[in-house]
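One letter stands for each residue in the lines below.
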Amino acid sequence: MPGRQRVIDEDQKLELLQRMEAGEIVSKLADEVGINRQRLYEWRDLLRLHGNLKPRRRGRPARLTAGVAGAAQPQSAVDVPAPRSSAPGETGSSKSSKR
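(A) Summary view of the overall build of the protein chain. Broken down by element type, the protein chain carries 3 helices and 0 strands. Element order for the protein chain, N to C, with α for helix and β for strand: α-α-α. Within the protein chain, the proportion of its 99 residues that are buried is 14%. Long-range pairs, those at least 24 residues apart, make up 40% of the contacts in the protein chain between residues at least 6 apart in sequence.

Have a look at this one:
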């Protein structure tokens, strides 16, 4: 049935990935189970990146509220670079230097 997804538990996923890593042909594994070959590669990448086969929630992470006194506030994941100071002999940005 096209459009219908098959539900496969994590034990079956791990078995398929082990067989895939052992050298079995990915297309044959996918046909045997009735899934898309790309799905096996997605599972492999999830397992390598996160250590489990559950997909991570997409989008921005939920905000933490400071409901408890002394609760840790989330820190920014992006480091802001320090402003550059001009060194002696360094030219600043000007129209003539951008030609």
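(B) Region of the structure containing helix H3 (residues 37-50). For H3, spanning 14 residues, the distance from its first C-alpha to its last is 20 Å, which sits close to the expected 20 Å at 1.5 Å a residue. In this fold, the buried residues of H3 make contact with helix H1 (10-21) and helix H2 (26-33). With a side-chain oxygen positioned 3.2 Å from the backbone nitrogen of Gln38, the residue opening H3 is Asn36. Downstream of H3 by one or two residues, Gly51 has phi in the positive range, about 85 degrees.

(C) Region of interest: the nonpolar core. The biggest cluster of nonpolar side chains holds 12 residues, and these are Ile8, Leu16, Leu17, Met20, Val26, Leu29, Ala30, Val33, Ile35, Leu40, Trp43 and Leu53. Contributing elements (two or more residues each) for this core: H1, H2 and H3. Not counting the four nearest positions on each side in its chain, Val26 is found in contact with Met20, Arg37, Leu40 and Tyr41.

(D) Spotlight on the side chain of Lys13. Of note, Lys13 is situated in helix H1. The residues touching Lys13, leaving out its near neighbours within four places in the chain, are Ile8, Trp43 and Leu53.

(E) Layout of H1. Helix length check: H1 (12 residues) gives 16 Å between terminal C-alpha atoms against 16 Å at 1.5 Å per residue, within 8%. Residues Lys13, Leu16, Leu17 and Met20 constitute the buried set of H1. Buried residues in H1, looked at end-on, bunch into an arc of 100 degrees, giving them a common side. Of the residues in H1, the exposed ones pointing more than 90 degrees away from the buried face are Asp11 and Gln18. Next to the buried residues of H1 lie H2 and H3. After H1 finishes, the residue Gly23 shows a positive phi value of roughly 115 degrees.

(F) Geometry of the packing of H1 against H2. Interhelical geometry of H1 versus H2 gives an angle of 155 degrees and a closest axis separation of 10 Å. When the axis of H1 is compared with that of H2, the two are roughly antiparallel. Of the two possible hands of crossing, H1 and H2 adopt the one that is right-handed. On the side of H1, the interface is formed by Leu16, Arg19 and Met20, while H2 contributes Val26, Leu29, Glu32 and Val33. Taken together, the residues of the contact of H1 with H2 break down into 5 nonpolar, no polar and 2 charged.

Rules and cut-offs
Residues numbered from 1 in each chain as written. Predicted model: local features only at pLDDT ≥ 70, side-chain atom pairs only at ≥ 80, totals over all residues. Heavy atoms only, no water. Helix = DSSP H or I, 4+ residues; strand = E, 2+ residues; numbered from the N terminus. Buried < 20%, exposed > 50% of the residue type's maximum accessible area, 1.4 Å probe, protein only. Contact = heavy atoms within 4.5 Å. Expected span 1.5 Å × (residues − 1). Polar contact = N/O pair within 3.5 Å; in protein donor to acceptor, adjacent residues only side chain to side chain. Core = buried A, V, L, I, M, F, W, Y, C linked by side-chain atoms within 4.5 Å. Arc of directions from axis to C-beta. Axes fitted to C-alpha atoms, helices over the stretch in contact; angles between N-to-C directions. Parallel < 35°, antiparallel > 145°, perpendicular 65-115°, else oblique. Left-handed = near helix turned anticlockwise from the far one by under 90°. Nonpolar A, V, L, I, M, F, W, Y, C, P; charged D, E, K, R; others polar.

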